[in-house]
Amino acid sequence: MKFETPAGINPIDQQKVIGQPASRLEGPLKTTGTAPYAYEYHQAAPNPAYGYVVGAAIAKGQIRRIDRRKAQAAPGVLAIVTAADVGQLPPGKFYADRLLAGPAVDHYHQAVAVVVAETFEQARAAAALLKVTYTQTKGAFDLTAAKDTAIVPKQGEFGGAPQTKVGDFEGAFAAAPVQLDATYTTPDQTHAMMEPHATMAHWQGDKLTCWCSVQQLNWGARDLGTILGIPQENIRLISAYIGGGFGGKGTALSDLVMASLAARAAGRPVKVALTRPQIFNNTTHRPATIQRIRLGATPDGILTAIGHESWSGNLPGGRTEAATASTKLLYAGANRFTELRLAVLNLAEGNAMRAPGEATGMMALEIAMDELAEKLHMDPIALRIKNDTQVDPEKPERPFSTRKLVECLQTGADRFGWSKRVATPGSVRDGQWLIGVGVAAAIRGAPITTSAARVRLNRDGIVTVETDMTDIGTGSYTIIGQTAAEMLGVGLDRVVVKLGDSAFPQSPGSGGQWGAASSTSGVYAACLKLREAVAKALGLNPAETQFANGQVLAGKRSYALGDAAKAAELVAEDTMTYGTLAKQYAQDTFGAHFVEVGVHRYTHEIRVRRMLAVCHAGRILNPKTARSQVIGAMTMGVGAALLEELVVDKQVGFFVNHDLAGYEVPVHADIPHQEVILLEDLDPTMSPMKAKGIGELGLVGVAAAVANAVYNATGVRVRHYPITLDKLLGKVNLT
Amino acid sequence: MKTFTYERVRTPAEAAAAAARTPGSKFLAGGTNLLDLMKLEIETPAHIIDVGKVGLDKIEPTPAGGLRIGALVTNTDLANHLPVRRDYGLLSRALLAGATGQLRNKATTAGNLLQRTRCPYFYDTNQRCNKRVPGSGCAAIAGFSRQLGVIGTSNACIATHPSDMAVAMRALDAGVETVKANGTTRTIPLAQFYRLPGQTPHLETILEKNELITAVLLPPPVGGVHIYQKVRDRASYAFALISVGAIVQKDGTGRIAVGGVAPQPWRVETAEQLLPAGAKEFTAQLLQGARPTKENAFKLALVENTVAAVLNEARH
């Protein structure tokens, strides 16, 4: 099915199942520990051995020699694989990083070898006996130092144009009566998902099956095929459950590659999991940025010039952190300039992490708006409302499909009690705590893309959905089940959802906030086909056939749904594809974040006291799972604001705090109260589902809202994340 | 993990004797730190002596009117023990400010005292670390040092001792009771228990080889207001940036030990005479001679502010 014109009324609009707060279908499996993750498939392949990855001990240089004699002789060792055994492997298509070092080492903890043994403990012990000697060469690890070498990169597949210009930014900024020119920095961040990267690889002849933890399975199979030099068709990836990814498990990473190589060398299935300390430097992360923002405005708060430049670094061939993405779309303003610059850094690869670019850029832009509002003596909400736009500011002929940013801000202001805010910083106290409130807008693209599904109906009326979509803890199983239930007029208890197998029809997987909208639309298309097949099997006219309450109805005739499959199971498969609506309309999701913080008068510890998000994100397929996505994202935003920083050791060239004791993410005690309001929205330009993603929107702007609240509490403007107490010490007026 | 042999002993004296018998052995109690370090091959004992069943899990009154805390009393049991909560509130609060419920259920009193530093360079075996590999150098001093020590450190090591419990015990004038391999026992004041790193940061206490901690002795209660204020970036489950353990009397005198600044709980008794004068005067004396790095110099002001907060709270 090709979706080319805005959707009309369709079965989804009934919202008998869709739009209802169904609990997660797989919830009981997870709470009872019976949902198997990649490393936990104990029976799926016979007699698995264990691989342990050895990471490079240097950041840049060459492997001079690998002495494997002691390791080889260690108890239980079955195989050792290095680049000397398998040659240099190319990178896959999505990641630039080579997943096996040798002879060159490109970054710290890049995989140098995998040691395979009968048990995990034997493999780890033997790995420690592998003697690798290196020739170290000088690397670049400091973004500030490398900034001047950064270039404007070519436009990549994601992230949009690296440079945009509308009108005369420089002239308008110079002439603006009120100006803001400030530089902000965001640090490297890691995804810190619960489940580590893990794979069990099993070869049968030239066919490879991997139980793994990969968000986009068909990218994974494609990239693994490229890296190993085997046809993608020979690879089957299974990721039925994923313990979090946040963009850090997009496609093939070293666990997948090293497990595959290890299993081939050992002639047995092999399990490989990266250890927690390896994940930080071996896999990908959200890259640090330096961002300069210049805003020019009239005295009454109309933006006349918007300039946003961002610098980031990466391995050669790596992507740019597209921190200017939101700035292109969020506010009106006749004269505009955005630019991304990319330097070479010899750290692990920078790549996608939840709302890549947008979360990063909005950490800066939404502080800048707060600063400008103060200069204008305006309420920061009023400033944002004044500069709202209903068209793409860079292409005014292109309207937003739906955009209720103003309503998000106003609804949130009412609910949060924004009118009680005291604009003068440092004015409000509660015991030993200085209290402040902050606000930020949120915007996140709503991409939707080709997605396929297969739907089966059996004689008992059970509907089974199959697609290679993944559920990374988001609720994919549930919303896909709800879609099929709605389409076929049955309850959710009559639907079985099978996900996470690359042998199933292709979806775009989980990422880019496209998964929910895309995969349910693919299921919609397949269900339409199944409805036709049901009508046909029952001898009914498809156009007149209704599906409700487990019954198929046409005129006065009625059948149980399963009757259609009495003779044989009915199977329908279809792919939803798209026309040009995304070009005609700017399709985005919007929100507003409100945060109250307390800053301890003496220690300057910062604690969030309450948070509110208002979201406008298309049809909400399931308010319970949507809310869970948003509160999780808000939590991540608190981490970005106050805690999270991969600290670069600029001498050695690596992320030093590479475990969860050193890299702090919020714990329960950091998150006291969160509220989410989901505004009604049906976007017929998206798909028949009229839905958009929401999982990344919930993060965008949160950190800036926290930063603005800290300013309101203390009068200290911190422009360098994370906002830690040492950045406030000595600056807070305690009188 | 390096392969090791294992034995379980029944009495403290047996433990010390077993250690004397087998070179390269380590005592295992709760294992919350040792096992992690063994997996990373930072600790590589050839032999493990499991002391988990030797008793030593009681908290008893002493004839002097204090408490004798068995070496194997868990952090949870110690924090919840009624006389501890009543008479040594500082200790209970410090314990509850540390780790998580799960860890406190396993971690023991002696193990807590002997836990190793959390310096990230100590934990990464590819990096230089004089504490882990004597003579290899220190990557932390010119590296990431925000968490690390500002006083009592040396040019060989700036690691801190991570314990909260030990800070309270230092303020409480605790003593460490031990047994040696030859069966003799002694009590070491906690003030003398830890060594400063100097050029030998791998030697962290004055315990002799094979000497086993059997108990911690608390002197009789001293009254006063007990406050443990731990300062950290996140609200729970984090090591202290700095912490202040204080016992403040009605007349403004008191004792203060500080965590997160030094290779041991940091207390300067002579500085305490300045407590009635205020936080600034006291802290200046307490941290006299501090040698912070650029990244952790904020700890000096943070200690002063936190002492001010504690004194303020004690007054109210």
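The model shown is predicted, which means the values in this text are computed figures rather than measured ones. (Residues numbered from 1 in each chain as written. Chains lettered and ligands numbered in written order. Predicted model: local features only at pLDDT ≥ 70, side-chain atom pairs only at ≥ 80, totals over all residues. Heavy atoms only, no water.)

Asker: What is the right way to look at the domain arrangement of chain B in this model?
Answerer: When the parts of a complex come together, some accessible area is lost, and that lost area is often taken as the interface size. Residue and element names in this part refer to chain B. Split by domain assignment, chain B resolves into domain 1 (5-50), domain 2 (59-114 + 160-218) and domain 3 (228-314). Linking domain 2 with domain 3 are four salt bridges. Across the salt bridge formed by Arg255 and Asp173, the nearest N and O atoms sit 3.4 Å from each other. Joining domain 2 to domain 3, the criterion identifies 10 residue pairs in polar contact (both at pLDDT 80 or more). The element best represented in the side of domain 2 that touches domain 3 is helix H9 (residues 165-171), accounting for four residues. Looking at the side of domain 2 that touches domain 3 residue by residue, the class counts come to 13 nonpolar, four polar and five charged. (Domains from an automatic or database assignment. Salt bridge = Lys/Arg side-chain N within 4 Å of Asp/Glu carboxyl O. Polar contact = N/O pair within 3.5 Å; in protein donor to acceptor, adjacent residues only side chain to side chain. Helix = DSSP H or I, 4+ residues; strand = E, 2+ residues; numbered from the N terminus. Nonpolar A, V, L, I, M, F, W, Y, C, P; charged D, E, K, R; others polar.)

Asker: Explain the sheet that holds strand S17 (residues 428-430) of chain A to me, please; I cannot follow it from the model alone.
Answerer: Sheet strands associate in pairs through backbone hydrogen bonding, adopting either a parallel or an antiparallel arrangement. Residue and element names in this part refer to chain A. The strand order S17-S18-S26-S27-S30 describes an open sheet built from five strands, whose pairing is mixed. Edge positions in the open sheet fall to S17 and strand S30 (674-678), since each of these has one partner strand only. Mean inter-strand twist for the sheet, computed between neighbouring axes without regard to direction, equals 25°. Bridge analysis of strand S26 (residues 588-600) against strand S27 (residues 606-616) gives 10 bridges, and the strand direction is antiparallel. Paired with Gly598 across the bridge in S27 is Arg607. (Pairing = 2+ DSSP bridges. Axes fitted to C-alpha atoms, helices over the stretch in contact; angles between N-to-C directions.)

Asker: Honestly, the UniProt feature "domain: FAD-binding PCMH-type" (unreviewed entry) in chain B in this entry has me stumped. Any pointers?
Answerer: As annotated in UniProt, the feature "domain: FAD-binding PCMH-type" (unreviewed entry) corresponds to residues 1-223 of chain B in the numbering used here. For residues 1-223 of chain B, helix accounts for 28% and strand for 16%, while the C-alpha atoms at its two ends are 47 Å apart. (UniProt positions renumbered as here; feature names shortened; annotations may be inferred.)

Asker: What exactly am I supposed to notice about helix H17 (residues 702-714) of chain A here?
Answerer: All names here are of chain A. Taking 1.5 Å per residue as the helical rise, H17 with its 13 residues ought to reach 18 Å, and the 18 Å between its terminal C-alpha atoms agrees with that figure. For H17, the tally of buried residues reaches 13 of 13 residues, placing the bulk of the element in the interior. Following H17 by one or two positions, Gly715 adopts a phi angle in the positive range, close to 80°. (Expected span 1.5 Å × (residues − 1). Buried < 20%, exposed > 50% of the residue type's maximum accessible area, 1.4 Å probe, protein only.)

Asker: Please clarify how the interface of chain B and chain A should be interpreted in this entry.
Answerer: Each partner contributes to the interface: chain B provides 33 residues, whereas chain A provides 34 residues. Of the roughly 2,700 Å² buried at the junction of chain B and chain A (both faces included), carbon and sulfur atoms supply 55%. A per-residue breakdown of the area chain B buries against chain A is headed by B:Phe144, B:Asp233 and B:Arg234, which together make up 21% of the total. Our count for the chain B to chain A interface comes out at two salt bridges. On inspection of chain B and its partner chain A, the count reaches 12 residue pairs in polar contact (both at pLDDT 80 or more). Among the secondary structure elements, those contributing two or more residues to the side of chain B that touches chain A are helix H8 (120-123), strand S9 (225-231) and helix H12 (298-315) of chain B. Looking at the side of chain B that touches chain A element by element, the count peaks at seven residues for H12(B). The class makeup of the residues in the side of chain B that touches chain A is 16 nonpolar, nine polar and eight charged. (Contact = heavy atoms within 4.5 Å. Buried area = accessible area lost by both parts, 1.4 Å probe.)

Asker: What exactly am I supposed to notice about the sheet that holds strand S8 (residues 163-166) of chain A here?
Answerer: Residue and element names in this part refer to chain A. Spatially, S8-S16-S15-S14-S9 is the arrangement adopted by the five strands of the open sheet, whose pairing is mixed. On the outer flanks of this sheet lie S8 and strand S9 (178-186), each paired with one strand and no other. Geometrically, the sheet is characterised by an average inter-axis angle of 10° between neighbouring strands, direction not taken into account. Of the strand pairs in this sheet, strand S15 (residues 303-314) and strand S16 (residues 335-344) are connected by 10 bridges, and their pairing is parallel. Its bridge partner lying in S16, Asn314 is registered against Val344. Each of S9, strand S14 (289-297) and S15 is contacted by helix H10 (residues 358-376), which is oriented at about 150° to S9, the strand it contacts most.

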